[in-house]
Amino acid sequence: TQLLEQSPQFLSIQEGENLTVYCNSSSVFSSLQWYRQEPGEGPVLLVTVVTGGEVKKLKRLTFQFGDARKDSSLHITAAQPGDTGLYLCAATKTTDSWGKLQFGAGTQVVVTP
Amino acid sequence: DVKVTQSSRYLVKRTGEKVFLECVQDMDHENMFWYRQDPGLGLRLIYFSYDVKMKEKGDIPEGYSVSREKKERFSLILESASTNQTSMYLCASSFETGSGEKLFFGSGTQLSVL
């Protein structure tokens, strides 16, 4: 059983459309991270959210941390082919010590021109 | 630029072989990690290390060991490779920021055990 459940597993959209992917859990996290992984590469950190209710923006990407720090969402506005990749959320439970970063299974996003 | 280098992109080994996966980072980070990535399961932590000669078990250490003799190098060892260890292996190093660990990953080693 995954600690972090990501949905949907796969998303295919046209360039210019918006999309949202979700990361949910029953556990409370001290912080939550989003990564993007492109084919043949390792994941690259996009953002870290720490405070419940926090919203962070990175150009056309908007990240939100749930009020209870159990879930998060990533919204992409006007998606471009360069946004194609596997989006992973990762978090450390408040009850876990340092180093125990847990990853979700990821959402594969494909943006076609 | 930050760099984590994994020695091989692709490896093919036979069941029972001893396998070494090497990882080197050039950022002087104290913390290093080994994950494996499988479709539908995400990344699972095998081992991590917070200092030279120090190691901690992750979530799936069985069948693996690690070595950290120098700060910049973290090796993953499969003592006797098995087919269920066919996977993508990712190495990472990290430093602590005010809002948590920031991980930098290598490009991965795709290991096939036949």
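Bear in mind the structure is a predicted one, so any value in this text is a computation, not a measurement.

A. The state of the cysteines, seen in detail. All names here are of chain A. Evaluation of the coordinates by the stated rule reveals two disulfides over all chains. Bridging cysteine 23 to cysteine 89, the disulfide has an S-S length of 2.1 Å. When the S-S torsion is 75°, as for the bridge of cysteine 23 with cysteine 89, the disulfide is right-handed. Taken as a pair, cysteine 23 in strand β3 (residues 19–24) and cysteine 89 in strand β9 (residues 85–93) lie far apart in primary sequence, 66 residues in all. Each of the two residues, cysteine 23 as well as cysteine 89, counts as buried.

B. Region of the structure containing the sheet that holds strand β8 (residues 71–76) of chain A. All names here are of chain A. Taken together, five strands build an open sheet; the order of strands is β1-β3-β8-β7-β6 and the sheet is antiparallel. The strands lining the two open edges of the sheet, one partner per strand, are β1 (5–7) and β6 (55–58). Across the sheet, the mean angle from the axis of one strand to that of its neighbour is 15°, orientation sign disregarded. Both β1 and β3 contribute to a ladder of three bridges, which runs antiparallel. Along β3, the bridge assignment pairs serine 7 with tyrosine 22.

C. Representation of the environment of glutamate 22 of chain B within the structure. All names here are of chain B. Take glutamate 22: it is sitting in the loop between β3 (19–21) and β4 (23–25). Under the relative-accessibility criterion, glutamate 22 is labelled partly exposed at 24%. For the pair formed by glutamate 22 and leucine 45, sequence separation is 23 residues and the distance between their alpha carbons is 16 Å. Beyond its immediate stretch of four places on either side in the chain, glutamate 22 contacts Thr5, Gln6, Ser7, Trp34, Arg73, Phe74 and Ser75. Within polar-contact distance, the side chain of glutamate 22 engages the side chain of serine 75 at 2.6 Å.

D. Spotlight on the interface of chain B and chain A. Between chain B and chain A, the residue contacts involve 25 residues of the former and 22 residues of the latter. Carbon and sulfur atoms supply 53% of the area buried between chain B and chain A, which totals about 1800 Å² over both sides. Viewed at the interface, chain A and chain B are joined by zero salt bridges. Viewed at the interface, chain A and chain B are joined by five residue pairs in polar contact (both at pLDDT 80 or more). Elements supplying a minimum of two residues to the side of chain B that touches chain A: β5 (31–38), β6 (42–49), β10 (87–97) and β11 (100–105) of chain B.

E. Structural detail: the pairing of strand β2 (residues 10–14) of chain A. Residues and elements named next belong to chain A. A one-sided burial pattern is seen for β2, the buried positions being Leu11 and Ile13 and the unburied ones Phe10, Ser12 and Gln14. For β2 and strand β11 (residues 107–112), the ladder comprises five bridges, and the chain directions are parallel. Within β11, the residue paired with leucine 11 across the bridge is valine 109.

F. Layout of the pairing of β6 of chain A. Residues and elements named next belong to chain A. Sheet topology places β6 next to strand β7 (residues 61–65); four bridges connect them, and they run antiparallel. Note that in β7 the partner of lysine 56 across the bridge is phenylalanine 63. Counting the residues between successive antiparallel strands, the hairpin from β6 to β7 contains two residues, one of them, lysine 59, with a positive phi of roughly 55°.

Definitions and limits used
Counting starts from 1 at the beginning of each chain's written sequence and moves along it residue by residue. Chain letters and ligand numbers both follow the written order, the letters beginning at A and the numbers at 1. Reporting in this predicted model follows two pLDDT cut-offs: at least 70 for local features of residues, and 80 or more for side-chain atom pairs to be given and counted; totals over whole chains, interfaces and linings ignore these cut-offs and use all residues. Note that the side-chain values use all heavy atoms of the structure and ignore hydrogens as well as water. Throughout, disulfides are identified as pairs of cysteine sulfur atoms within 2.5 Å of each other. Per the convention used, a helix needs a DSSP run of H or I reaching at least four residues, while a strand needs a run of E reaching at least two, with both numbered from the N terminus. Whether a residue is buried, partly exposed or exposed follows from its accessible area with a 1.4 Å probe, protein chains only, as a fraction of its type maximum: under 20%, in between, or over 50%, in that order. Here, strands pair whenever DSSP counts at least two bridges between them. Between the N-to-C directions of two axes lies an angle of 0 to 180 degrees, each axis being a line fitted to C-alpha atoms and, for a helix, fitted only over the stretch in contact. We call two residues in contact when some of their heavy atoms are within 4.5 Å. In protein, a polar contact requires one atom able to donate a hydrogen and another able to accept it; more generally it is a pair of N or O atoms within 3.5 Å, and residues adjacent in sequence count only if both atoms are side-chain atoms. Here's the idea: put two parts together, see how much 1.4 Å probe accessible area each one loses, and the total over both is what we call buried area. Any Lys or Arg side-chain nitrogen found within 4 Å of a carboxyl oxygen on Asp or Glu counts as a salt bridge.

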